[in-house]
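# Overview (structure and organization)
If you want the building blocks of each chain, they are given just below.
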Amino acid sequence: MTTHQLCDILNEFAPLSLQDSWDNSGLQIDNNNAEVTGVLVCFDITEKSLQEAIDKHCNVIVAHHPLLFHGLKQIGNDAYIERCVRMAIVHNIAIYCNHTPLDKVQDGISWKLGEKLGLQNLTYLQTDGIASYGTMGEFSTPLSEKEFINLLKSTFGLTYVRCSEPLNKAISKVALCGGSGAFLIDDALTAGADAFVCGDIKHHEFYKAEQKILLADIGHFESEIATKEIFFSILSKKIPTFVVHLSENDKSPIYCF
């Protein structure tokens, strides 16, 4: 299995043609299409994840967030992105990222969130005929708002959840979007969801709840970290000829004291 063949498998699941115009998914650093010796699956590309790949003899890293979003004017040692590029090239490690395409496909990150919460009858929340965003499902037995918030905490390892004003109503239908999903708040309202879960809800966006829906911000990292499970499952099932590792160094860059 070569690097390009591995990328083709991932592209088949979440086609790069689906990515947003501002995104930069795909093979960001090639290793001359080398034979794959091992794969490290991670969330963000960091110096720690690159060192982990080196230590585990992996010459391909598969990540959710792209390392390169903008052009580099130099490759030095001042910024972590520059240092990561240097490390990858020096050690002949390929870097492949799949970002917004994985947000849009069935069984992608939003679907994975619904499955983790135990929602049934998952469907797309928004679709325009080309790309689809978010999911919505329902609990077999409605939960109180407190039970729902506690479920979010236990499922995603949270100590707190940023929410709109509690409505003291049962939570049955839930809409979800991994990552920065506040652009779907209106769709969640239109769909009749009792709650909408995503990351990165801004201050003024909480007012959109209009006392009709519970908005719950579980954090960007926390809402998308399950992308690692998706990549790992695809590669482990499709390619049994080399070892696929889940990075042990992924953690949110945000600390709360």
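Structure shown above.
Let us look at the structure shown here.

Calculation notes
- Residues numbered from 1 in each chain as written.
- Predicted model: local features only at pLDDT ≥ 70, side-chain atom pairs only at ≥ 80, totals over all residues.
- Heavy atoms only, no water.
- Helix = DSSP H or I, 4+ residues; strand = E, 2+ residues; numbered from the N terminus.
- Rg over C-alpha atoms; globule rule 2.2 N^0.38 Å.
- Buried < 20%, exposed > 50% of the residue type's maximum accessible area, 1.4 Å probe, protein only.
- Contact = heavy atoms within 4.5 Å.
- Lys, Arg positive; Asp, Glu negative; His and termini not counted.
- Charge placed at Lys NZ, Arg CZ, Asp CG, Glu CD.
- Core = buried A, V, L, I, M, F, W, Y, C linked by side-chain atoms within 4.5 Å.
- Pairing = 2+ DSSP bridges.
- Axes fitted to C-alpha atoms, helices over the stretch in contact; angles between N-to-C directions.
- Salt bridge = Lys/Arg side-chain N within 4 Å of Asp/Glu carboxyl O.
- Expected span 1.5 Å × (residues − 1).
- Arc of directions from axis to C-beta.

### Topic: the overall build of the protein chain
Along the backbone of the protein chain there are nine helices and 11 strands. Rg of the C-alpha trace for the protein chain: 19 Å, near the compact-globule value of 18 Å for 257 residues, within the 12% margin. Counting only residues that meet the buried cut, the protein chain has 52% of its 257 residues in that class. Across the protein chain, contacts joining residues at least 24 apart in sequence account for 64% of those joining residues at least 6 apart. For the protein chain, the distance from the average site of its 20 positive side-chain charges to the average site of its 32 negative ones is 4 Å.

### Section: the nonpolar core
One finds Leu6, Leu10, Val39, Val62 and Leu235 to be the most contacted residues of the largest nonpolar core, which totals 22 residues. Put simply, the parts of the chain that give this core at least two residues each are α1 (3–13), β2 (38–42), β3 (60–63), β4 (94–97) and α9 (227–238). Sequence-distant contacts of Leu6, defined by excluding residues within four places in its chain, comprise Met1, Val36, Val39, Val60, Val62, Leu235, Ile239 and Phe242. Residues Trp111, Leu113, Val161 and Val197 belong to the second largest nonpolar core, which totals 21 residues.

### Examining the sheet that holds strand β8 (residues 171–180)
The strands that make up a sheet are held in pairs by hydrogen bonds between backbone atoms, and each pair lies either parallel or antiparallel. Reading across from one edge, β5-β6-β8-β9-β10-β7 is the order of the six strands in this open sheet, with mixed pairing throughout. With one partner strand each, in any of the chains shown, β5 (120–127) and β7 (162–163) form the two edges of the open sheet. The sheet strands contacting helix α5 (residues 109–117) are β5, β6 (132–143) and β8, and the helix crosses β8 at an angle near 140 degrees. Helix α6 (residues 145–156) contacts β6, β7, β8, β9 (195–199) and β10 (214–217) of the sheet and is inclined by roughly 125 degrees relative to β6.

### Side note on the pattern of salt bridges
The full count for this structure, using the stated rule, is eight salt bridges. Residue Lys56 pairs with Glu52 through a salt bridge whose shortest N-O separation is 2.7 Å. The exposure class of Glu52 is buried, given its relative accessible area of 6%. One salt bridge in this structure joins Lys116 and Glu229, with 3.0 Å as the shortest N-O distance. On the criterion of sequence distance, the pair formed by Lys116 in helix α5 and Glu229 in helix α9 is long-range, its members being 113 residues apart. Judged by its relative accessible area of 34%, Lys116 is partly exposed. Taking relative accessible area as the criterion, Glu229 reaches 35% and is therefore assigned partly exposed.

### With respect to the environment of Lys48
Summarising the element assignment, Lys48 is placed in helix α2 (residues 47–55). For the pair Lys48 and Asn249, spaced 201 residues apart in sequence, the C-alpha to C-alpha distance is 6.6 Å. Every residue in contact with Lys48, bar those within four places of it in the chain, is listed here: Asn249 and Lys251.

### With respect to unusual backbone geometry
Here Asn32, not a glycine, exhibits a phi torsion of approximately 65 degrees, which is positive. Counting through the fold element by element, Asn32 comes out in the loop between β1 (26–29) and β2. Judged by its relative accessible area of 72%, Asn32 is exposed. Non-glycine residue Asn121 carries a positive phi angle of around 55 degrees. Here Asn121 lies in strand β5.

### Description of α9
Relative to the 16 Å expected for 12 residues at 1.5 Å per residue, α9 spans 17 Å between its end C-alpha atoms, a close match to the ideal helical length. Looking at α9, one finds that the buried residues are Thr227, Lys228, Ile230, Phe231, Ile234 and Leu235. Looking straight down α9, one finds that the buried residues subtend no more than 165 degrees of arc, so they occupy a single side.

### Digging into the sheet that holds β2
One open sheet accounts for five strands, arranged β1-β4-β3-β2-β11; its pairing is mixed. Sheet topology places β1 and β11 (243–246) at the edges, where each strand pairs with a single neighbour. Strand-to-strand twist in this sheet, taken as the mean axis angle between neighbours without regard to direction, amounts to 25 degrees. Sheet analysis places β3 next to β4, joined by four bridges and oriented parallel. Within the sheet, the bridge partner assigned to Ile61 lies in β4 and is Ile95. Against the sheet, α2 touches β2, β3 and β11, its axis set at about 155 degrees to β2.

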